[in-house]
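Listed below are the residues making up each chain.
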Amino acid sequence: MTLPPDAALRQKLNATHAALLRIHKALVDHERDRYARAQRPVGSPLEFLNLLLHDPRFAWLRPISELIVQLDETASTRTPVDPDQAANLLKQAQTLLTPAESAEGFPHHYHHALQESPEVSAAHAEWKRTIV
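Note that the structure is predicted; figures quoted are calculated from it, not measured. (Residues numbered from 1 in each chain as written. Predicted model: local features only at pLDDT ≥ 70, side-chain atom pairs only at ≥ 80, totals over all residues. Heavy atoms only, no water.)

Helix and strand counts for the protein come out as 6 helices and 0 strands. Counted over contacts in the protein with a minimum sequence separation of 6, partners at least 24 positions apart contribute 64%. Between the centroid of the 14 positive side chains of the protein and the centroid of its 16 negative side chains there is a distance of 3 Å. (Helix = DSSP H or I, 4+ residues; strand = E, 2+ residues; numbered from the N terminus. Contact = heavy atoms within 4.5 Å. Lys, Arg positive; Asp, Glu negative; His and termini not counted. Charge placed at Lys NZ, Arg CZ, Asp CG, Glu CD.)

Contact pair helix H1 (residues 7-38) / helix H6 (residues 118-131): the axes reach a minimum separation of 9 Å and the direction vectors enclose 170°. Considered as vectors, H1 and H6 are oriented roughly antiparallel to each other. Mapping the contact onto sequence places Lys12, Ala15, Thr16, Ala19, Leu20, Arg22, Ile23, Ala26, Leu27 and His30 in H1 and Glu119, Val120, Ala123, His124, Glu126, Trp127, Thr130 and Ile131 in H6. Here the residues of the contact of H1 with H6 sort into 10 nonpolar, 4 polar and 4 charged. (Axes fitted to C-alpha atoms, helices over the stretch in contact; angles between N-to-C directions. Parallel < 35°, antiparallel > 145°, perpendicular 65-115°, else oblique. Nonpolar A, V, L, I, M, F, W, Y, C, P; charged D, E, K, R; others polar.)

Now for the environment of Glu101. In this fold, Glu101 is placed in the loop between helix H4 (83-96) and helix H5 (106-116). Judged by relative accessible area, Glu101 falls into the partly exposed class, the value being 49%. Expressed as a C-alpha distance, the spacing of Glu101 and His111, which sit 10 residues apart in the sequence, is 5.7 Å. Excluding residues within four positions of it along the chain, Glu101 makes contact with His108, His111 and His112. (Buried < 20%, exposed > 50% of the residue type's maximum accessible area, 1.4 Å probe, protein only.)

We now examine the packing of H1 against H4. Axis separation between H1 and H4 bottoms out at 11 Å; the angle between their running directions is 25°. Classified by the interaxial angle, the pair formed by H1 and H4 is roughly parallel. You can see that H1 and H4 cross each other, and the crossing is left-handed. Taken together, the residues of H4 that come into contact with H1 (itself represented by Leu9, Lys12, Leu13, Thr16 and Leu20) are Pro83, Ala86, Leu90 and Ala93. Split into classes, the residues belonging to the contact of H1 with H4 amount to 7 nonpolar, 1 polar and 1 charged. (Left-handed = near helix turned anticlockwise from the far one by under 90°.)

If you want it as structure tokens, here you go:
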């Protein structure tokens with residue numbers, strides 16, 4: 001069986017997608033716990049989804065959510081993957097997952113989540129092994 005010419009690129013996109021999903025889950029779980037300690041416990045999964053989508057406290061998570069969707073759409077398309085588009089998405093992932101305490105938005109929150117959550121740190125370490 002002959003692999004399509006973009007098989008290696010799709011594999012890299014899929015590996016990045018899977019790593020980002022693990023990081024996303026760890027971040028969402030961490031933020032849910034932080035919210036429960038600071039505000040109140042979250043009731044149902046539907047209530048939490050509503051908070052994720054509409055509460056400004058969770059808005060910083062949107063860039064990783066959007067990137068996960070873009071990676072999934074690109075890797076699962078039936079047409080050949082555009083190498084430039086794939087390279088751009090992979091670069092976006094590396095840039096997004098660069099924590100920075102002095103920055104704003106995602107890099108700042110991500111830095112603190114890495115410091116506070118062993119699960120986020122473990123998912124980040126797995127991500128680093130993925131991109132090598």
